[in-house]
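The primary structure of each chain is shown beneath.
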Amino acid sequence: KCGADKSYMDAGAYYVDYVEERQIIKGGFVEGAGDAGGGVIALIFSLLLLSGGLMGLCKILKFLFLGQAKKAIIKATKMNDYAAMLVGVVMTIIVQSSSVATSSLTPLCGVGALALEKMLPLTLGANIGTTA
């Protein structure tokens, strides 16, 4: 509604008042730190959470996969690369996602259960399996 009391000629002042001078962080645990300080604190906190989660995932996978499944992993790494590609295709068809297949292989390389040279054919097979 346009009325006598509203004018859109002062858009620059509106932008300054409502965009540039207002605080971006309006809630949460970093509310009192300001925009720059809160952003830095939230970034550091999120990176710590991400790193801690990945380290915990690697420890859990190491515990799980270096136990009874160690024999299966060793057998998979002794396959030739074409058979490993076929395993990647089948794995992707079963889980219906190459991202899930690739994401499950990455921590196995991180804990040393799977050699990087053997991850490439499995990942390639996972990407081929997406098209199946």
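Just so you know, these numbers come straight off a predicted model, no measurement behind them. (Residues numbered from 1 in each chain as written. Predicted model: local features only at pLDDT ≥ 70, side-chain atom pairs only at ≥ 80, totals over all residues. Heavy atoms only, no water.)

Next up on the list: the environment of S103. Residue position: S103 is located in helix α5 (residues 98–110). Between the alpha carbons of S103 and T123 there is a distance of 9.5 Å; along the sequence they are 20 residues apart. From its side chain, S103 meets the backbone oxygen of S99 in a polar contact 2.7 Å long. (Helix = DSSP H or I, 4+ residues; strand = E, 2+ residues; numbered from the N terminus. Polar contact = N/O pair within 3.5 Å; in protein donor to acceptor, adjacent residues only side chain to side chain.)

End to end, helix α6 (residues 116–131) covers 24 Å across 16 residues, agreeing with the expected 22 Å (1.5 Å per residue, within 8%). Among the residues making up α6, those that are buried are K118, M119, P121, L122, T123, G125, A126 and G129. (Expected span 1.5 Å × (residues − 1). Buried < 20%, exposed > 50% of the residue type's maximum accessible area, 1.4 Å probe, protein only.)

With that out of the way, let us pick up a nonpolar patch on the surface. Residues L43, L47, L50, L54 and L57 make up a contiguous nonpolar surface patch of about 470 Å² in total accessible area. Relative to the helices and strands, L57 is located in helix α2 (residues 34–65). The exposure class of L57 is partly exposed, given its relative accessible area of 37%. (Patch = residues over 30% accessible without salt bridge, like charges linked within 9 Å, V, L, I, M, F, W, Y side chains within 5 Å. Areas by Shrake-Rupley, 256 points an atom, 1.4 Å probe, with all protein chains shown as cover. Salt bridge = Lys/Arg side-chain N within 4 Å of Asp/Glu carboxyl O.)

Attention now moves to the confidence of the model for the chain. Considering every residue of the chain, the mean pLDDT works out to 78; 82% of them sit at 70 or more. At the level of individual helices and strands, the chain shows its lowest average pLDDT in helix α3 (residues 70–77), which scores 65, and its highest in α6, which scores 85. (pLDDT = per-residue confidence, 0-100.)

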